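# An overview of the molecular structure
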Amino acid sequence: MVIEQYTITATPKYNFPQNAIDTVLPQRLIELSIYSLKHVQNQAVQLKQQTIQQAVLSQETLVAQHPTPPVQPIPLNPKTEPTTIAAVDTSSIKLGETGRGIIIAVRGTTVWKRGRNYAYLRVGPLIFHITEENLQEIYKTLLKAYFPEQNPQGAPGFLQIPLRMANLLERWLQASLAKTMSNGIILFDGSLTAGTPDTPTQQLKEVLASARSMGNAVLAFTKVTTLRFNGCLLTEAFPAYRPPCLVEVANIKPKPPLTLLGEVYVAKLARGNYAFRLDVDRELPAQKRVEAVEKLLGNDLIVHGYPETLRLAHILCTFTANEVIAMQHFIQQRYRLKIIDRPDMHRLLFGPFGKGESHYETL
Amino acid sequence: MRLYKKEGNIIEILSFPNENVEKGDYLLIEDAEAQKALIAQVIDVQFANIPGILEELLRSLPDGGGTIQGEDVDPLEIAPHITYIQDSRLLICKIRATVEGDFLSPSTSWLPSRSQSSIRKLPIATLIRLAKVNGNLPITLGVTKENSLLTIDASSLDGRLNIITGKKETGKSHLSKLLITSLLQYKAVVVVLDLNGEYTGLGFTSDGKRNAYYNKIHVLTPAQNFKVAIKQLHLNVILNILIHALHLPGTSAREFRRIWQHLKDKGCLTLHELGEAIRNWNCNQNVRDALFSRYYALVNSGFFTDNVAEATLLEECLFKAREEGGAVIINLRNTSPIDRQIVVEYLLGKLVELLTSWRLKAVFLFAEEAHLYLRETYWDDIVTRMRHFGIFTTFITNQPDTIRENIYRQADNIFLFNFTNEHDLEVVSRAARVDAETVKSIARDLPPHHCLVLGKVVKDFPIVVKVRALDVKTMGETRLFFTGAHSENTSQASPVEPYSAGENS
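Computed from a prediction, not measured in an experiment: that's the story for all the values here. (Residues numbered from 1 in each chain as written. Chains lettered and ligands numbered in written order. Predicted model: local features only at pLDDT ≥ 70, side-chain atom pairs only at ≥ 80, totals over all residues.)

## A word on the overall build of chain A
The number of helices and strands found in chain A is eight helices and 18 strands. The buried share of chain A, reckoned over its 363 residues, is 46%. The contacts of chain A with a sequence gap of at least 6 include a subset with a gap of at least 24, amounting to 78%. (Helix = DSSP H or I, 4+ residues; strand = E, 2+ residues; numbered from the N terminus. Buried ≥ 20, exposed ≤ 12 C-beta atoms within 10 Å, placed from the backbone. Contact = placed C-beta atoms within 7 Å.)

## Examining the sheet that holds strand β13 (residues 217-220) of chain B
All names here are of chain B. Here eleven strands make up an open sheet; going across it, the order is β10-β9-β21-β20-β19-β11-β18-β17-β12-β16-β13 and the pairing mixed. Each edge of the open sheet carries a strand with a single partner, namely β10 (149-153) and β13. On average, adjacent strands in this sheet sit at an angle of 25° to one another, irrespective of strand direction. Note that β13 and strand β16 (residues 326-331) share four bridges and pair parallel. Looking at the pairing, valine 219 lines up with isoleucine 329 of β16. Relative to the sheet, helix α4 (residues 172-185) contacts β9 (138-143), β11 (162-165), β12 (189-194), β16, β17 (363-368), β18 (391-397), β19 (413-416), β20 (450-455) and β21 (463-467), its axis offset from that of β18 by approximately 155°. (Pairing = 2+ DSSP bridges. Axes fitted to C-alpha atoms, helices over the stretch in contact; angles between N-to-C directions.)

## Topic: the interface of chain A and chain B
Between chain A and chain B, the residue contacts involve 29 residues of the former and 23 residues of the latter. Of all elements in the fold, only α1 (27-38), β6 (117-131), α6 (308-317) and α7 (321-335) of chain A reach the threshold of two or more residues within the side of chain A that touches chain B. At ten residues, the largest contribution of residues to the side of chain A that touches chain B is made by β6 of chain A. Bridge analysis of β6 of chain A against strand β5 (residues 69-73) of chain B gives five bridges, and the strand direction is parallel. By the bridge assignment for β5 of chain B, leucine 121 of chain A is matched with glutamate 71 of chain B.

## Remarks on the pairing of β6 of chain A
All names here are of chain A. The buried fraction of β6 amounts to eleven of the 15 residues, a majority that puts the element mostly inside the structure. Strand direction decides the pairing type here: strand β5 (residues 101-114) and β6, joined by 13 bridges, are antiparallel. What sits directly across from alanine 105, in β6, is isoleucine 127. What sits between the antiparallel neighbours β5 and β6 is a turn of two residues, in which glycine 115 has the positive phi angle 65°.

## Looking at the domain arrangement of chain B
Structurally, chain B comprises domain 1 (2-56 + 83-122), domain 2 (149-225 + 307-467) and domain 3 (228-305). Each of domain 1 of chain B and domain 3 of chain B has a C-alpha centre, and these two points are 66 Å apart. (Domains from an automatic or database assignment.)

## Re the nonpolar core
Core analysis: the biggest nonpolar cluster contains 133 residues, and Val190, Val192, Ile329, Ile330, Leu416 and Val453 of chain B have the highest contact counts within it. Considering each element in turn, this core owes the most residues, nine residues, to helix α10 (residues 337-356) of chain B. Those residues in contact with isoleucine 329 of chain B that sit more than four places away from it in its chain are Val192, Asp194, Tyr199, Thr200, Leu202, Ile217, His218, Val219 and Leu220 of chain B. Counting 91 residues, the second-largest nonpolar core is a separate cluster that includes Ile104, Leu126 and Leu312 of chain A together with Ile82 of chain B. (Core = buried A, V, L, I, M, F, W, Y, C linked by C-beta atoms within 7 Å.)

## What about unusual backbone geometry?
Residue and element names in this part refer to chain B. A positive phi is found at lysine 187, a non-glycine position, where the angle reads about 60°. Tracing the sequence through the fold places lysine 187 in the loop between α4 and β12. The backbone phi angle of tryptophan 358 is positive, close to 60°, even though this residue is not glycine. Position of tryptophan 358 among the secondary structure elements: in the loop between α10 and β17.

## Comments concerning helix α7 (residues 271-280) of chain B
Residues and elements named next belong to chain B. Along α7, the positions that sit buried rather than exposed are Leu274, Ala277 and Ile278. For α7, the angular spread of buried residues about the axis comes to 100°, placing them on one side. Structural note: α7 exposes His272, Arg279 and Asn280 on the side pointing more than 90 degrees away from its buried face. Those residues of α7 that are buried lie in contact with α6 (250-266) and α8 (285-301). (Arc of directions from axis to C-beta.)

## What to know about the environment of arginine 160 of chain B
Its place among the elements puts arginine 160 of chain B in the loop between β10 and β11. The contacts of arginine 160 of chain B, once residues within four sequence positions are left out, are Phe392, Asp412, Asn413 and Lys456 of chain B.

## Topic: the environment of arginine 254 of chain B
Residues and elements named next belong to chain B. Note on placement: arginine 254 falls in helix α6. With 13 C-beta atoms packed within 10 Å, arginine 254 lands in the partly exposed category. Distance in space between the C-alpha atoms of arginine 254 and alanine 321 is 38 Å, their sequence separation being 67 residues.

## Side note on the confidence of the model for chain A
Residue and element names in this part refer to chain A. Taken over all residues, the pLDDT of chain A has a mean of 74, while the share at 70 or more is 69%. Within the model, the stretch residues 1-23 combines pLDDT values under 50 with 32 contacts to residues more than four positions away or in other chains. pLDDT under 50 marks residues 358-363. Its contacts with residues more than four places away, or in other chains, come to six contacts. (pLDDT = per-residue confidence, 0-100.)

## Digging into the packing of helix α5 (residues 235-245) of chain B against α6 of chain B
Residues and elements named next belong to chain B. The geometry of α5 relative to α6 is characterised by a closest axis approach of 11 Å and an angle of 150° between their N-to-C directions. On the basis of the axis angle, α5 is roughly antiparallel to α6. Pair α5 / α6 crosses with right-handed handedness. Between α5, through Leu235, Ile238, Leu239, Leu242 and Ile243, and α6, the contact on the second element is made entirely by Ala253, Phe256, Arg257 and Trp260. (Parallel < 35°, antiparallel > 145°, perpendicular 65-115°, else oblique. Left-handed = near helix turned anticlockwise from the far one by under 90°.)

## What to know about the pairing of β11 of chain B
All names here are of chain B. Neither face of β11 is exposed, since Asn162 and Ile164 on one face and Ile163 and Thr165 on the opposite face are all buried. Bridge count for β11 against β19 is four bridges, and the pairing is parallel. Counterpart to threonine 165 in the pairing with β19 is leucine 416.

## Quick notes on the confidence of the model for chain B
Residue and element names in this part refer to chain B. When pLDDT is averaged along chain B, the result is 83, and 92% of the positions lie at 70 or above. Here helix α16 (residues 501-504) stands out as the element of chain B with the lowest mean pLDDT, 35, in contrast to β12, whose mean of 91 is the highest. Here residues 490-505 scores under 50 on pLDDT; set against residues more than four positions off or in separate chains, the count is two contacts. In the model output, the complex is listed with pTM 0.70 alongside ipTM 0.70.

## Comments concerning the packing of α6 of chain B against α8 of chain B
All names here are of chain B. Close contact between α6 and α8 brings their axes to 9 Å; oriented N to C, the two are set at 75°. The orientation of α6 with respect to α8, classified from their angle, is roughly perpendicular. For the pair formed by α6 and α8, the contact residues are Thr251, Ser252, Glu255 and Phe256 on the first element and Val287, Ala290 and Leu291 on the second. Of the residues assigned to the contact of α6 with α8, the class counts are four nonpolar, two polar and one charged. (Nonpolar A, V, L, I, M, F, W, Y, C, P; charged D, E, K, R; others polar.)

See the structure below:
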């Protein structure tokens, strides 16, 4: 494949002890980004009329099957022994439409805290021009390049592609972190539920195994959960328990092909009735799981019951309006895309009652 | 640059970081289809209101105020584009004119296309050429920030009311000296009311040698080489002095008129006879006392004399200036406030007399800090009546609020140096020939020796100019305590042995 010769610098290694695993920037991702954009030159582009941030949804897809009532809350004592806390998050956004497809951008961030200092590594934004023709090729090539053991399933549709590309980047960042960091706490955004199109079981298992082998514990925070207990949302079911504590939610039976790779808890880490679903790597012994949360409490800021490292990862990867304009400027300047202003049919037909493009038909 | 918004005669233009545009610059907004262009002047440069900029800035400060350390892997090099968008600016511009072909018109009633019009910087030199600021009698004021010369036409000062203002030490006197010497080149008659003796060195170069203007500069110092013979005085002039400068009440003024008439009829109008007449005049004692106190004020000023031969210099100088051009500098440096008013009353009366009788054609009057010697009623006279006689005044002041509002309203040209005080800018912005926003925005940022020229001299296109240097002797500097010699002595003084044996011997 002929690639336009950009000055592409290799990703600096994480500031963690290195091992033999290659953790350079997903070169293939960059190549595909440039390759896809190369085919978009001199086309007309309709900017998205209502730009909607498509952060990776942290809403888990698990359907609960009568979870067993918890017995007792597990009180937590913050452990201050120095432990590195790291978190990963990614974001994607649709920048516009061309006559043949859509232009999307993805970006991922790893944030870590050691001692009192936070640091980050941000990858992207990577911009892709996705068309009917290259959709399969791009997705499958990337999947194969980074998770060769995984069987490529059907490529996602246009609507899902921004999210799925971001997922791919997120998995790669998580895998890199798991392989390079040692004796730390790795925070994921979302749950440890596998078996979904964007989180194949094998992929997540490998990441968790790598993390364990390096002495790391993986904790996944879900901001919004659909799991209910006695008709109440799981995260709102235990108002009387005093934080910081964990409430174990055992015996959740996920519908196949979904698999739970984590032990599910309700985490109340700070005052103020803020509770989150917390999945901790199931393969870790129970005591280690609790200990990992205690280390998190002792080493990271917990604001509104949520770890600051994970919050920063989210903030740093989210696209601001300014960045969206800059990326549109980039594709316009570099690839001479002609911006066109196609009328928004919703606005045109329904005026102020139009809901905008977010409600348009599924492709 | 892209046209963004227009409201009234304010136009907002989006500019990008690689486009170097500053306050005071002129832009040409060309609409090819309409075959017209707008000339707009940048009066303010702001950051463009970019959506998401607050989030962007907040994001970089999440760690208790300190910047979070990190590294961006940006293979597509988007970051420069983000910076480019973040640093984009909004130029607030005032529409000044419309160009159609080679013609300028003040019309701003049309609107160029937002999508199609092109915007570029209009070099000041081109603007000057378009506006025909240059004339047959060029006066080079200095250089614009594009390093092109700003040359105005001397005739645009002719018959005009001008104001030179700015805070201390910004170069007001320097500019007025430049204008005076330039006017002299065109044989103009200039009278300068020099409060601090600053203009007395105009005939010399900075190293003390005679310069080209030496023979045209006539320095008159009241009570020294500038005296008035009582015999030559008009009753109206002396009454003006008594009433306005010395505040003589009306009843006493009537008695004085009789005394004056009496002495004139007798042909013995001298200082001595005037005193005697007041002493022996049959009038109320209070009136006599009032007249006596004014009489002694006149005598003590040293400005009046009975010797006609001593009192011919002013007219001589003015007539000499009439032929070849010249400047009469009235040095008021060591003159008391009352005497200053007496001198100025006399001078203005004399000028009006000479101009009315067409013995003089016109006079350019430069008045520094005029509020210190000009009586209230003269302000109106100067802007309304006196210009019809041919007195064209330039006021020079660092206290703009000492000049009346109606003077600003009628000023034809304003040479504005730096002001930072809001109140001062507010006062100047009342001038009719310029909008308040331009004055407030541009004058605040003017560096020393840079002047915003407003009015007819620049055909109502405000232009910032760095006033050129002038090789004349600087006079009237601020007297300093810590002069070189003094500080040298103090630094070398030994605290232990203040006197040496040699010095004592």
